[in-house]
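Letter by letter, the chains look like this.
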Amino acid sequence: MPVACIECGQKAILKRPKNGKKLCKDCFYSVFEEEIHQTIVQNKLFSPGESIAIGASGGKDSTVLAHIMKTLNERYNYGLNLVLLSIDEGISGYRDDSLETVKRNQVQYDLPLKILSYNDLYGWTMDAIVKEIGMKNNCTFCGVFRRQALDRGAALLNCDKIVTGHNADDIAETVIMNMLRGDIARLGRCTAITTGSEGMISRCKPFKYTYEKEIVMYAHFKKLDYFTTECIYSPNAYRGHARVFLKDLERIRPRAILDVIKSGEDLAIKDDVKMPTQMTCSRCGYISSAELCKACVMLDGLNRGRAQLSIGKSAKRQQILKAEAKDASVLEMF
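Keep in mind it's a predicted model, so treat the numbers as computed, not measured. (Residues numbered from 1 in each chain as written. Predicted model: local features only at pLDDT ≥ 70, side-chain atom pairs only at ≥ 80, totals over all residues. Heavy atoms only, no water.)

Comments concerning the sheet that holds strand S8 (residues 202-204)
Each strand in a sheet pairs with another by means of backbone hydrogen bonds, the pair being arranged parallel or else antiparallel.
Right, so step 1: With mixed pairing, the six strands of this open sheet are ordered in space as S5-S4-S3-S6-S8-S7. Two strands close off the open sheet at either side, each with one partner strand: strand S5 (113-117) and strand S7 (194-195).
Right, so step 2: Here strand S6 (residues 161-163) pairs with S8 via three bridges, running parallel. Its bridge partner being in S8, valine 163 is matched across the sheet by cysteine 204. (Pairing = 2+ DSSP bridges. Helix = DSSP H or I, 4+ residues; strand = E, 2+ residues; numbered from the N terminus.)

Next comes the structure, spelled out in structure tokens:
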């Protein structure tokens, strides 16, 4: 006997991973889009007249995000000026193919597109960086450079905000990673739906409470055009271990993803815990917790042929550099 849709009584074709409710295709579209609309409205993510840069990679999350933002902007008259912003990390056989998807999305959604590359911004591609440092820590370099590249791109486009396709699974994974690292500073802000300091372009995550599986289902049933290949440099990423752990939890209890996010939101930091002081980088002017931002430190390490020095704690790096300077001054005496 066919199972009825809980909303309209028609034949259900899917079971929502988030809550187990059985829905027909049209009701799933409606519920999915309405939940994201409510997230946007309740958190006051946007204001009429703002220019919004949509972080577009060609993957499922960013493609669904572009589709949803255009759909809701027109349906509810948000009054937003939308533009696609893509970052070319320089990964042969991966990013060059996914950017072709983004270019098709530009035509499909009739949105302007801006593409910036690591090579133009930093003088390095991820292929060259991996050749220099190997497969370990390459995701750290890419993550730092990509975050700053999005900021730079949005500034070039005079955008007020950046929206990214980070979903509930991504945020829950980040909570787990920061807990395992003991990174209190990042743990305190990783669950925020909007991030950004005064004077900087803020970032919004409309998919904060949206499950990855439901994004895949939406893209599949809507027949959206997206790129599915995984980054060739990501199999060894630390995030992968958190993802496997989270999927095991979800299998036992589907609400585990939202529960992990709620736990991250409810964590309180003691008053006597010293937190990093935010300032601006003395070299590039972007936000930093030290005199030089992480991107500039990493770039400096790459250009000096000492890329591994830019990974880890700054105190240890300074200690090594001082020791090298001392050794060099001793050698000059002979």
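Considerations on the side chain of threonine 164
Right, so step 1: Its place among the elements puts threonine 164 in the loop between S6 and helix H7 (168-181).
Right, so step 2: Here the side chain of threonine 164 touches histidine 166 through a polar contact of 2.7 Å, side chain to side chain.
Right, so step 3: Sequence-distant contacts of threonine 164, defined by excluding residues within four places in its chain, comprise Leu65, Cys204, Lys205 and Pro206. (Polar contact = N/O pair within 3.5 Å; in protein donor to acceptor, adjacent residues only side chain to side chain. Contact = heavy atoms within 4.5 Å.)

Points about the pattern of salt bridges
Right, so step 1: All chains considered together, the criterion is met by 26 salt bridges.
Right, so step 2: A salt bridge links glutamate 33 to arginine 75, with the nearest nitrogen and oxygen atoms 2.8 Å apart. Taken as a pair, glutamate 33 in helix H1 (residues 25-42) and arginine 75 in helix H2 (residues 60-75) lie far apart in primary sequence, 42 residues in all.
Right, so step 3: Given a relative accessible area of 44%, arginine 75 falls into the partly exposed group.
Right, so step 4: The residue aspartate 300 makes a salt bridge to arginine 304 at a minimum N-O spacing of 3.7 Å.
Right, so step 5: The class for aspartate 300 is partly exposed, based on a relative accessible area of 27%.
Right, so step 6: By sharing partners, the salt bridges in this structure join Lys60, Asp61, Asp169, Glu212, Lys213, Lys247 and Glu250 into a single network. (Salt bridge = Lys/Arg side-chain N within 4 Å of Asp/Glu carboxyl O. Buried < 20%, exposed > 50% of the residue type's maximum accessible area, 1.4 Å probe, protein only.)

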